[in-house]
Amino acid sequence: MSTNITWHEASLNKELRRKQFGHHSFVLWFTGLSGSGKSTVANAAAKALFDQGLNPYVLDGDNIRHGLNKDLGFSEEDRTENIRRIGEVSKLFVDSGQIVITAFISPFIKDRELVRELLEADEFIEVYIKCPVDECEKRDPKGLYEKARKGLIRDFTGIDSPYEEPVNPEIVVETNKYSIEESVEQILQHLKSKGYIKE
Ligand SMILES: Nc1ncnc2c1ncn2[C@@H]1O[C@H](COP(=O)(O)OS(=O)(=O)O)[C@@H](OP(=O)(O)O)[C@H]1O
Ligand SMILES: Nc1ncnc2c1ncn2[C@@H]1O[C@H](COP(=O)(O)OP(=O)(O)O)[C@@H](O)[C@H]1O
């Protein structure tokens, strides 16, 4: 634990940055099973926002686990620490006036709620990337479900590790019913209806 530390208030704050950039800063927090489409929809949504002149950044579980969080595995404690760190990183992005899209399974309600509490009410947008586990398993883009079924991977979400569905997410994207383009459009419409980005 750090002691003898004092918070230094920045005069160049997020309100000034938001005014200059002309949009709100917030986190689109994607949660869902492996293979549900988090990375696919996150990257497509980021591209759509970029094409409108914005500068969104995607934080993706697989990628972050190559660097910042490479010391973490998939035990409940490690997943909790993974999400706590990403929550803090997301808060820095929001403070810097940016839009961040996170694509982590984030299987536990309490961990996602902890991130929600870190941020202001209008800064955390929970996006449930919803897809039945049997469809995710059919897609199996990385062959991980097959490995989990064979017992080659332990504690795999949806197989032998739990996934707790969001109770009241801001957005539910059903990737087994709608195309990638329709899912992105649904997210953009939500952001516009809230006035977070321009029409
Ligand atoms: N045991 C186990 N369970 C779930 N996922 C596993 C596991 N082992 C490796 N992988 C790969 O790691 C990606 C999930 O990492 P996350 O950081 O998003 O997970 S978590 O939020 O901490 O639960 C996940 O990526 P996605 O498929 O994009 O979700 C997998 O590629
Ligand atoms: N409507 C859809 N939305 C998102 N992904 C879809 C959809 N239909 C099929 N897919 C496919 O499902 C897979 C999802 O993989 P990925 O985006 O890596 O998921 P996750 O990041 O949740 O593990 C990709 O191969 C993608 O092309």
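Rules of the game
- Residues numbered from 1 in each chain as written.
- Chains lettered and ligands numbered in written order.
- Predicted model: local features only at pLDDT ≥ 70, side-chain atom pairs only at ≥ 80, totals over all residues.
- Heavy atoms only, no water.
- Helix = DSSP H or I, 4+ residues; strand = E, 2+ residues; numbered from the N terminus.
- Rg over C-alpha atoms; globule rule 2.2 N^0.38 Å.
- Buried < 20%, exposed > 50% of the residue type's maximum accessible area, 1.4 Å probe, protein only.
- Contact = heavy atoms within 4.5 Å.
- Areas by Shrake-Rupley, 256 points an atom, 1.4 Å probe, with all protein chains shown as cover.
- Lys, Arg positive; Asp, Glu negative; His and termini not counted.
- Charge placed at Lys NZ, Arg CZ, Asp CG, Glu CD.
- 1 Å grid on protein atoms, 1.4 Å probe; cavity = no way out; pocket = protein on both sides within 12 Å on 5 of 7 lines; lining within 4 Å.
- Points joined across faces, edges and corners; volume = space filled by probe spheres on them.
- Nonpolar A, V, L, I, M, F, W, Y, C, P; charged D, E, K, R; others polar.
- Near = heavy atom within 4 Å.
- Polar contact = N/O pair within 3.5 Å; in protein donor to acceptor, adjacent residues only side chain to side chain.
- UniProt positions renumbered as here; feature names shortened; annotations may be inferred.
- Arc of directions from axis to C-beta.

A look at the overall build of the protein chain
- When you go through the protein chain residue by residue, the secondary structure sums to 8 helices and 5 strands.
- The globule rule puts the C-alpha radius of gyration for 199 residues at 16 Å, and the 17 Å found for the protein chain is close to it.
- Taken over the C-alpha atoms alone, the protein chain extends approximately 55 × 45 × 30 Å along its principal axes.
- Every one of the 199 residues in the protein chain was classed for burial, and the buried ones make up 44%.
- For the protein chain, the proportion of contacts with a sequence separation of at least 24, taken over those separated by at least 6, is 74%.
- A total accessible area of about 11200 Å² is found for the protein chain, and carbon and sulfur atoms account for 52% of it.
- Where the 27 positive side-chain charges of the protein chain centre and where its 34 negative ones centre are 3 Å apart.

A word on the layout of surface pockets
- The volume enclosed by the largest pocket comes to roughly 700 Å³.
- Lining the largest pocket we find 35 residues, and of these Ser-34, Lys-38, Asp-62, Ile-105 and Lys-142 sit closest to its centre.
- Those elements that place two or more of their residues in the lining of the largest pocket are helix 2 (38-51), helix 3 (61-64), helix 4 (76-95) and helix 8 (180-193).
- For the lining of the largest pocket, the leading source of residues is helix 2, giving 4 residues.
- Along the lines of polarity and charge, the residues of the lining of the largest pocket split into 13 nonpolar, 13 polar and 9 charged.
- Of the pockets and cavities examined, the second largest pocket occupies roughly 400 Å³.
- Taken together, 17 residues make up the lining of the second largest pocket; nearest its centre are Trp-7, Glu-9, Lys-14, Lys-91 and Asp-95.
- Of all elements in the fold, only helix 1 (14-21) and helix 4 reach the threshold of two or more residues within the lining of the second largest pocket.

Notes on the site of ligand 2
- Around ligand 2 there are 15 residues in total, and Gly-35, Lys-38, Ser-39, Thr-40 and Tyr-178 lie nearest to it.
- Here Ser-36 contributes a backbone N or O atom positioned 3.3 Å from an oxygen atom of ligand 2.
- Thr-40 is positioned with one of its side-chain polar atoms (N or O) 2.4 Å from an oxygen atom of ligand 2.
- Against a free-state accessible area of 570 Å², the protein chains account for coverage of 75% of ligand 2.

Some details on the UniProt feature "domain: APS kinase" (unreviewed entry) in the protein chain
- Look at the UniProt record and you will see "domain: APS kinase" (unreviewed entry) annotated at residues 25-174.
- For the annotated span residues 25-174, helix accounts for 41% and strand for 17% of the residues, and the straight-line distance between the end C-alpha atoms is 25 Å.

Section: helix 5 (residues 109-118)
- Those residues of helix 5 not exposed but buried are Asp-111, Arg-112, Val-115 and Arg-116. Buried residues along helix 5 cover an arc of 145° about the axis, so they all sit on one side.
- Where helix 5 is buried, its residues meet strand 1 (26-31), helix 4 and strand 4 (124-130).

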